[in-house]
2 protein chains.
Amino acid sequence: MNRFADPAGFEAALRALPAPDAAAIAQARARQAELTKPAGSLGRLEEIALFMAGWQGTALPRADRVVAALFAGNHGVAARGVSAFPAEVTAQMVANFQAGGAAINALAALCGAQLSVVPLQLDRPTGDIAARPAMTADECLAALNAGAAEVAADAQLLFVGEMGIGNTTPAAALCAQAFGGDAALWCGRGSGVDEAGAARKIAAVGAALALHGPHCTGPFETLRRLGGREIAAMAGAILAARLQRVPVLLDGFICCAAIAPLVAANPALVDHCLAAHRSAEAGHRRLLARFRLEPLMQLDMRLGEGSGAAVAVHLVRAALAAHNGMATFAQASVAGAR
Amino acid sequence: MNRFADPAGFEAALRALPAPDAAAIAQARARQAELTKPAGSLGRLEEIALFMAGWQGTALPRADRVVAALFAGNHGVAARGVSAFPAEVTAQMVANFQAGGAAINALAALCGAQLSVVPLQLDRPTGDIAARPAMTADECLAALNAGAAEVAADAQLLFVGEMGIGNTTPAAALCAQAFGGDAALWCGRGSGVDEAGAARKIAAVGAALALHGPHCTGPFETLRRLGGREIAAMAGAILAARLQRVPVLLDGFICCAAIAPLVAANPALVDHCLAAHRSAEAGHRRLLARFRLEPLMQLDMRLGEGSGAAVAVHLVRAALAAHNGMATFAQASVAGAR
């Protein structure tokens, strides 16, 4: 159905999350025990195979059809000087994505992901969250649905990425609202803002929390007031993926912050998600701990765009290559452990 | 030349290691600064690109031709019951490698590595290191050269793997001899030995160290007395790769233990190496710390075979895809940081 009819429908979906296929997981686990290797010796690759089996509902899951959506949005709060880059860079980078020149283009091509670039009304920045809500309810719903629309029914794995100058500021606000802690706790240096910019960022997040906090009564309202279009789109895509049992590779801080209000409302939301990596952005480690997710990689990346997830696709493929492709002890006439 | 004429030639090579191409690194670094991303935002992927540039001597390095060699050997010390598996499994797994049914077959195929399976006199186990030297000088030299012979001159990246029931026992002995610490410090559970087996393993390593320690006067003699054929072959391959400036992805504990005596003699040996991962085997973390290498991944793998390195090949490819494939700020008309 890939569409949330209204805010209540979005929140109802979040309360009624499907579970993985326990039978498929059990079959995949039984297969793992027969493969020609010491039990458990492929470590997290084995866990990934079971995870994929559960969400795809098969003992032999695949990651051939990887769908990636890259959402872009502009932020009113950027005018406060919270980023190292001017706001025009959002549109310039979208042109770069469309021309194939960005990191995510190279990384998505390498992993064979089908990359969709989705600019969301770049000429209409969201409201400055330090002074007003980021979006109207209609705008927020439209952004959630723009995300949901990107989840192809036949996707075997999904990841989402983002571009939006200034968007670590709303991301930090979302984290603080969802999980507590003050503005400074969740504000990092983003794409590399200087000390003065970091101070402006913390002030903006603090003002946003003071203004909107009392009104953030649920995940929709939190996203609407403190989020942004590309942020809501990521949340919509990740929830829509769950409804279709499509497993998701989470990227970095912004991607995770986008679902922070959803996870606060229902911690099971991340059950269909793997954390691709832990980024260098300070709040990401804390956020993954709240999600109870152990990142697959720690490469000090902090680019966004879905770049970390695009790299982690290869780890999922490796897990499935071993799981699906190895011979069993019986097939190979290899003796088991004594 | 891919051949060490004699033990002295091997040790002389270790003393005269070539350095990376500083000019190529500088060119690659200058290119990184121009790519359409915040400076440093690809984290370790940027480091990998510079590393590869240095060893390949070009600002635009490639990892298309990946060469992998999988060495197998049998160990006299296995008769002491130091492994969870019987010694026959070495040959059985070699047959599995040759038939394409093992984890490394699936993982090497996924990353397009050219995999060579090299059994080393499986019907002649090395001497039991707890009672005598593992090899004669001729045997050790032959094993080193069997490794060196696998380094193709046109390889853009190399990794080596191993199979040898019982081989975490000589590996632990090599580590203790190279870097100090008692047997228990370096002995883990290998492929999953039980408590009694682990105690036998520690006793065997302790006996080996007491017997051979005073005679381990250099890396060759240490490998000869405490190593094994597949272990010496890995050491020979990694040193031969350095002489040809072929960068290497180090796999897990055994692979790293194989070069421990070489690194103790000349710490610069690992300059052409990336640590693919940190394995679940207890001593590996300690060994990587001695090597001053930060692993690219921590996936709790502990299989050997080169399996962790085969997964990390994709990270190197991702690093180079971004480095070589991205547009510059000027090309894409994107504004830089303020």
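As shown above, the structure is provided for reference.
Conventions adopted
- Residues numbered from 1 in each chain as written.
- Chains lettered and ligands numbered in written order.
- Predicted model: local features only at pLDDT ≥ 70, side-chain atom pairs only at ≥ 80, totals over all residues.
- Heavy atoms only, no water.
- Helix = DSSP H or I, 4+ residues; strand = E, 2+ residues; numbered from the N terminus.
- Rg over C-alpha atoms; globule rule 2.2 N^0.38 Å.
- Buried < 20%, exposed > 50% of the residue type's maximum accessible area, 1.4 Å probe, protein only.
- Contact = heavy atoms within 4.5 Å.
- Lys, Arg positive; Asp, Glu negative; His and termini not counted.
- Charge placed at Lys NZ, Arg CZ, Asp CG, Glu CD.
- Pairing = 2+ DSSP bridges.
- Axes fitted to C-alpha atoms, helices over the stretch in contact; angles between N-to-C directions.
- Least-squares fit on C-alpha atoms with pLDDT ≥ 70 in both.
- Core = buried A, V, L, I, M, F, W, Y, C linked by side-chain atoms within 4.5 Å.
- Phe/Tyr/Trp six-rings, centres within 6.5 Å; stacked < 30°, edge-to-face > 60°.
- Expected span 1.5 Å × (residues − 1).
- Buried area = accessible area lost by both parts, 1.4 Å probe.
- Salt bridge = Lys/Arg side-chain N within 4 Å of Asp/Glu carboxyl O.
- Polar contact = N/O pair within 3.5 Å; in protein donor to acceptor, adjacent residues only side chain to side chain.

Draft legend 1. Just the overall build of chain A, in detail. What chain A contains, in helices and strands, is 15 helices and five strands. In terms of overall size, chain A behaves like a compact globule, its C-alpha atoms giving a radius of gyration of 20 Å where 338 residues would be expected to give roughly 20 Å. Based on the C-alpha atoms only, the size of chain A along its principal axes is roughly 70 × 40 × 35 Å. Relative to its 338 residues, chain A shows a buried fraction of 65%. In chain A, once contacts between residues fewer than 6 apart in sequence are set aside, the share between residues at least 24 apart is 80%. If the 27 positive side-chain charges of chain A are averaged to one point and the 26 negative ones to another, these points end up 5 Å apart.

Draft legend 2. Looking closely at the sheet that holds strand β5 (residues 273-275) of chain B. All names here are of chain B. Reading across the sheet, the five strands line up as β2-β1-β3-β4-β5 and stay open at both edges, with parallel pairing between neighbours. Each end of this open sheet is capped by a strand with a single partner; those strands are β2 (114-119) and β5. Direction aside, the axes of adjacent strands within the sheet are offset by 25° on average. Relative to β2, strand β1 (residues 66-72) runs parallel, the two sharing six bridges. The partner of alanine 69 across the bridge, within β2, is serine 116.

Draft legend 3. View of the relation of the copies chain A and chain B. Least-squares fitting of chain A to chain B yields an RMSD of 0.0 Å, with the transformation described by 0.0 Å of translation along the axis and a rotation of 180°. In short, the pair behaves as if placed about a two-fold rotation axis. Of all interface residues in chain A, 100% are interface residues in chain B too; the two copies therefore contact each other through one and the same surface.

Draft legend 4. Geometry of the nonpolar core. Counting residues in each nonpolar core, the largest one holds 110 residues, and the members touching the most others are Phe159(A), Leu249(A), Phe159(B) and Leu249(B). In this view, Phe159(B) contacts Val66(B), Val67(B), Ala68(B), Ala69(B), Ile104(B), Ala113(B), Leu249(B), Gly306(B), Ala309(B), Ala310(B) and Val313(B); residues no more than four positions away in its chain are not counted.

Draft legend 5. Fine view of the packing of aromatic side chains. Residue and element names in this part refer to chain A. Tallied over the entire structure, the rule returns six aromatic pairs over all chains. Consider the rings of phenylalanine 10 and phenylalanine 220, whose centres lie 6.3 Å apart with planes at 65°: the pair is edge-to-face. Of this pair, phenylalanine 10 sits in helix α1 (residues 7-15) while phenylalanine 220 is found in helix α10 (residues 219-226), placing the two residues 210 residues apart along the sequence. Like phenylalanine 10, the residue phenylalanine 220 is buried in the burial classification. A network of ring pairs unites the aromatic residues Phe4, Phe10 and Phe220 as a single cluster.

Draft legend 6. Representation of helix α12 (residues 253-265) of chain B within the structure. Residues and elements named next belong to chain B. Its 13 residues place the ends of α12 19 Å apart at the C-alpha level, agreeing with the 18 Å of an ideal helix rising 1.5 Å per residue. Taken across its 13 residues, α12 has eleven buried, putting it largely inside the fold. Those residues of α12 not exposed but buried are Phe253, Ile254, Cys255, Cys256, Ala257, Ala258, Ile259, Ala260, Pro261, Leu262 and Val263.

Draft legend 7. Highlighting the pairing of strand β3 (residues 157-163) of chain A. Residue and element names in this part refer to chain A. Burial runs high along β3: seven of the seven residues are buried. With burial as the criterion, each face of β3 is covered, one bearing Leu157, Phe159, Gly161 and Met163 and the other bearing Leu158, Val160 and Glu162. Looking at chain direction, strand β1 (residues 66-72) and β3 are connected through seven bridges and run parallel. From the neighbouring strand, phenylalanine 71 faces β3, where its bridge partner is glutamate 162. Pairing of β3 with strand β4 (residues 248-250) involves two bridges; the strand directions are parallel. Note that in β4 the partner of leucine 158 across the bridge is valine 248.

Draft legend 8. Structural context of unusual backbone geometry. With a phi close to 55°, Arg245(A) is a non-glycine residue in the positive phi region. A relative accessible area of 39% means that Arg245(A) is categorised as partly exposed.

Draft legend 9. Highlighting the interface of chain A and chain B. In this complex, chain A contributes 50 residues to the contact, which on the side of chain B involves 50 residues. Taken together, both faces of the contact between chain A and chain B bury some 4300 Å²; the carbon and sulfur share is 67%. When the buried surface of chain A facing chain B is broken down by residue, Phe85(A), Leu299(A) and Arg338(A) rank first, second and third, together holding 14% of it. Inspection of the chain A/chain B interface yields zero salt bridges. Scanning the region where chain A abuts chain B turns up 14 residue pairs in polar contact (both at pLDDT 80 or more).

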